[in-house]
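# Architecture and fold: a report
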Amino acid sequence: MEILTLPTAEAACVRAAEIVAQAVVVRPEAALGLPTGRTPVPIYAELVRRRRAGGLRLGAVRAFGLDELWGVPASAPASFRRELDGAFYRHVDIVAANIYALDGAAADATAEAAAYEAALGRAGGLDLALLGIGGNGHIAFNEPGSPFASRTRLVALAAETREAQRAAFGTAPVPTHALTIGIANILEARRVVLVATGAAKAEIVARALEGTVTEALPASVLRQHAAATFVLDEAAASRLTAPRR
Ligand code: GLP
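Heads up: these notes are all about the structure in this document. (Residues numbered from 1 in each chain as written. Predicted model: local features only at pLDDT ≥ 70, side-chain atom pairs only at ≥ 80, totals over all residues. Heavy atoms only, no water.)

### A word on the packing of helix α1 (residues 9-26) against helix α2 (residues 41-53)
Where α1 contacts α2, the axes come no closer than 8 Å and their chain directions differ by 55°. Looking at the two axes, α1 sits oblique to α2. The chirality of how α1 crosses α2 is right-handed. Along its contact with α1, which presents Glu10, Cys13, Val14, Ala16, Ala17, Glu18, Val20 and Ala21, the element α2 presents Pro42, Ile43, Glu46, Leu47 and Arg50. (Axes fitted to C-alpha atoms, helices over the stretch in contact; angles between N-to-C directions. Helix = DSSP H or I, 4+ residues; strand = E, 2+ residues; numbered from the N terminus. Parallel < 35°, antiparallel > 145°, perpendicular 65-115°, else oblique. Left-handed = near helix turned anticlockwise from the far one by under 90°. Contact = heavy atoms within 4.5 Å.)

### Overview of unusual backbone geometry
Even without a glycine there, the phi angle at alanine 140 is positive, about 50°. Within the secondary structure layout, alanine 140 lies in the loop between β6 (128-131) and β7 (153-156).

### Looking at the side chain of lysine 201
Within the element layout of this structure, lysine 201 appears in the loop between β9 (191-196) and α7 (202-210). At 9.5 Å, glutamate 160 is the nearest oppositely charged side chain to lysine 201, a buried residue that forms no salt bridge. Not counting residues within four places of it along the chain, the set of residues in contact with lysine 201 comprises Thr39, Ile133, Gly135, Ala196 and Ala236. (Buried < 20%, exposed > 50% of the residue type's maximum accessible area, 1.4 Å probe, protein only. Lys, Arg positive; Asp, Glu negative; His and termini not counted. Salt bridge = Lys/Arg side-chain N within 4 Å of Asp/Glu carboxyl O.)

### Focus: the site of the ligand
Neighbouring residues of the ligand: 13 residues in total, closest Arg38, Thr39, Asp67, Phe141 and Lys201. Alanine 140 is positioned such that a nitrogen or oxygen atom in its backbone is 3.3 Å from a nitrogen atom of the ligand. Lysine 201 has a polar side-chain atom sitting 2.6 Å from an oxygen atom of the ligand. Placement of the ligand is best described as lying within the largest pocket. Here the shell around the ligand is built from residues that sort into four nonpolar, six polar and three charged. (Near = heavy atom within 4 Å. Polar contact = N/O pair within 3.5 Å; in protein donor to acceptor, adjacent residues only side chain to side chain. 1 Å grid on protein atoms, 1.4 Å probe; cavity = no way out; pocket = protein on both sides within 12 Å on 5 of 7 lines; lining within 4 Å. Sits in = over half its atoms within 2 Å of the grid points. Nonpolar A, V, L, I, M, F, W, Y, C, P; charged D, E, K, R; others polar.)

### Here we look at empty space enclosed by the protein
In this approach the atoms are scanned with a rolling probe the size of a water molecule, which exposes any empty space left behind. Applying the stated criterion across every chain, the model contains two cavities of 30 Å³ or more. Size it by volume and the largest cavity reaches roughly 40 Å³. Among the elements of the structure, β4 (67-69) and α3 (80-87) are those that each provide at least two residues to the lining of the largest cavity. When residues of the lining of the largest cavity are assigned to their parent elements, the largest contribution, three residues, is made by α3. Split into classes, the residues belonging to the lining of the largest cavity amount to six nonpolar, one polar and three charged. In this structure, the second largest cavity encloses a volume near 40 Å³. (Points joined across faces, edges and corners; volume = space filled by probe spheres on them.)

Shown next, in the form of structure tokens:
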């Protein structure tokens, strides 16, 4: 378990982008697990900047969106697929055929999860899972109580997770469920990088890193991973008893 604490959110995101870029240099066809949310926006911006500067080639990368809201088609403004398109895919040389997403409008959630698992299998699993952390400790959409052995599946969202999504839906109802990669799939990734920025994440980061490893706090399981890195800004690291750099 490695903990990197950077002075600002921007610096933390640049550091995370460096780790992703390095993984692609080492393995140009790397399979990357990619999150949505506010946290990774500057990471994608930095990767786009590096691509435009000419040093980063993503033409062979396999990109796996980690989750999707159930009932939300890829074309909808609130879809995670669309978010990744807008923040990242559209601006770089990732090949459309190498982009994998869970389809929130699939007819059959079980079949959709199985298709994603098959694609992950064909890619040989994830080389790097880039993660954020939810306010309740969720990773992707693995909510508290998710079994560590869980794989890609349909899950019910926690009330606070739905609340966090509310802004994207305006007056429309917020989805109650989501498709998500499982915790076992994340643990199988050869490298895991969790990024947390801002004071609002400080308490959950401290519990994940210093409390009990428990299914009640999904991110805590990453301490059992052989190659997990938490990339924090000082605000997110501020409740650690021994802040590290
Ligand atoms: C969502 C996503 C997660 C993300 C989390 C935190 O629920 N499913 O993958 O890590 O929220 O989002 P944010 O970065 O906006 O705090």
